[in-house]
Amino acid sequence: LSCDLSPMPLVYLVLLLVWVSSLLAWALSWFRNSKAQPTFLHKCMTLVPLLKVLSVAFTYQFWRDASEVGSAEAWFEIVTVFLAALFKGALFSTLIFIAKGWLILRREMSKLEHRTIVLCAAWFTMSTITFELFRGLFLFVWILIHVIILRLIFGSIVFNTTVLASQLPVLEQRGTSPELIFSRAKLRMYQSLRTAIIFWVFWQACLAVTETFAFKAIPRWIYPTAREGVDFLLCVQVGWLFRSRVPRVPADPRSPDGQGEGQADSPRQQPTLRDPRDEML
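Here is what the cut-offs are and how they apply
- Residues numbered from 1 in each chain as written.
- Predicted model: local features only at pLDDT ≥ 70, side-chain atom pairs only at ≥ 80, totals over all residues.
- Heavy atoms only, no water.
- Helix = DSSP H or I, 4+ residues; strand = E, 2+ residues; numbered from the N terminus.
- Buried < 20%, exposed > 50% of the residue type's maximum accessible area, 1.4 Å probe, protein only.
- Contact = heavy atoms within 4.5 Å.
- Axes fitted to C-alpha atoms, helices over the stretch in contact; angles between N-to-C directions.
- Left-handed = near helix turned anticlockwise from the far one by under 90°.
- Nonpolar A, V, L, I, M, F, W, Y, C, P; charged D, E, K, R; others polar.
- Phe/Tyr/Trp six-rings, centres within 6.5 Å; stacked < 30°, edge-to-face > 60°.
- Lys NZ or Arg CZ within 6 Å of the ring centre and 35° of its normal.
- Expected span 1.5 Å × (residues − 1).

**Describing the environment of Trp30**
Then, number 1: Within the secondary structure, Trp30 sits in helix H1 (residues 8-31).
Then, number 2: Since its relative accessible area comes to 14%, Trp30 is described here as buried.
Then, number 3: Separated by 13 residues in sequence, Trp30 and Lys43 place their C-alpha atoms 7.7 Å apart.
Then, number 4: Filtering out sequence-adjacent residues up to four positions away, Trp30 remains in contact with Thr39, His42, Lys43, Thr46 and Ser244.

Pasting the structure below:
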């Protein structure tokens with residue numbers, strides 16, 4: 001490897017350790033609440049860090065072989081690109097499901113929505129594979145698929161935030177209640193999700209522009225490392241926002257002893273919070 005790429009094996013070894021730790025932490029976070037809360041969505045989301053661990057492991061081996069013998073097998077490079085594309089497809093499919101409120105704001109999705117998400121995931125994966133392998137004009141297809149999927153995600157987030165915001169005045173008239181607390185929390189979650197995706201798009205665009213016009217001024221290993229870091233931060237933000245946790249309702253201020261109807265510390269004390277519609281909280 002050249003001096004510009006010599007740190008790549010070490011970079012991906014560190015990334016592998018980080019992603020394995022993140023996968024274990026995520027699995028533990030929903031497993032410990034699996035008996036008290038529904039965790040089906042969190043189990044589905046586990047596919048994202050799992051695919052990333054496989055992708056980073058193959059990429060690390062690819063760069064290790066390249067540093068030791070000068071090159072890697074062609075099939076190994078294809079598998080590496082394929083796993084990286086599967087990770088991106090799983091990540092954006094998860095973002096679409098969350099943006100549409102599946103198991104967060106509603107229990108079911110229509111068959112048309114499921115077909116749309118599967119089709120978007122397939123398009124995204126194939127466009128990423130063809131772009132990484134062949135480059136050239138496939139760049140325009142890759143960008144077009146990104147724009148379509150991001151438009152779908154942001155449109156769904158705007159719709160859900162509008163609905164949640166419109167519910168707050170009605171719920172506030174009824175006083176403090178679990179429904180009001182959950183609506184406020186979910187509104188904040190979707191607003192934070194929108195901000196996280198905007199920052200991801202911004203930094204990806206900055207990296208692409210910098211790599212195009214300042215390619216020789218910055219060592220080449222910086223760009224893939226920065227892109228991996230931006231992807232990791234997005235996954236951490238989404239995972240933190242929609243993690244599994246047991247909901248807690250503050251004490252009812254109308255109760256003189258602070259033990260009003262609104263207080264509950266365990267699932268047995270708060271049967272209304274066990275409603276499947278409130279899965280994420």
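**What about the packing of helix H4 (residues 74-99) against helix H8 (residues 222-241)?**
Then, number 1: Their axes nearest at 12 Å, the elements H4 and H8 cross at an angle of 35°. Note on packing geometry: the crossing formed by H4 with H8 is left-handed. The segment H4 lies against H8, with Phe87, Lys88, Leu91, Leu95 and Ile98 engaging Asp231, Leu234, Cys235 and Val238.
Then, number 2: Within the contact of H4 with H8, the residues separate by chemical class into seven nonpolar, no polar and two charged.

**A few points about the packing of aromatic side chains**
Then, number 1: Taken as a whole and judged by the stated rule, the model has 14 aromatic pairs.
Then, number 2: Ring plane angle 75° and centroid distance 5.4 Å describe the contact between Trp75 and Phe76, whose orientation is recorded as edge-to-face.
Then, number 3: Residue classification places Trp75 among the exposed residues on the basis of a relative accessible area of 51%.
Then, number 4: In this structure Phe76 comes out as buried when scored by relative accessible area, which is 11%.
Then, number 5: With a centroid separation of 5.3 Å and an interplanar angle of 75°, the aromatic rings of Phe202 and Trp203 are classed as edge-to-face.
Then, number 6: Its relative accessible area of 44% is what places Phe202 among the partly exposed residues.
Then, number 7: Three or more aromatic residues link up through ring pairs in this structure, and these residues are Trp19, Phe87 and Phe232.
Then, number 8: Between the NZ or CZ atom of Arg135 and the centre of the ring of Phe131, over which it lies, the distance is 4.5 Å.

**Regarding helix H5 (residues 111-134)**
Then, number 1: In a regular helix each residue adds 1.5 Å, so 24 residues correspond to 34 Å; H5 covers 34 Å between its end C-alpha atoms and thus fits that length.
Then, number 2: Listing the buried residues of H5 in full gives Glu113, Ile117, Cys120, Ala121, Phe124, Thr125, Ser127, Thr128, Ile129, Thr130 and Phe131.
Then, number 3: Next to the buried residues of H5 lie H4 and helix H6 (138-172).
Then, number 4: Backbone geometry just downstream of H5 places Arg135 in the positive-phi region, at approximately 55°.

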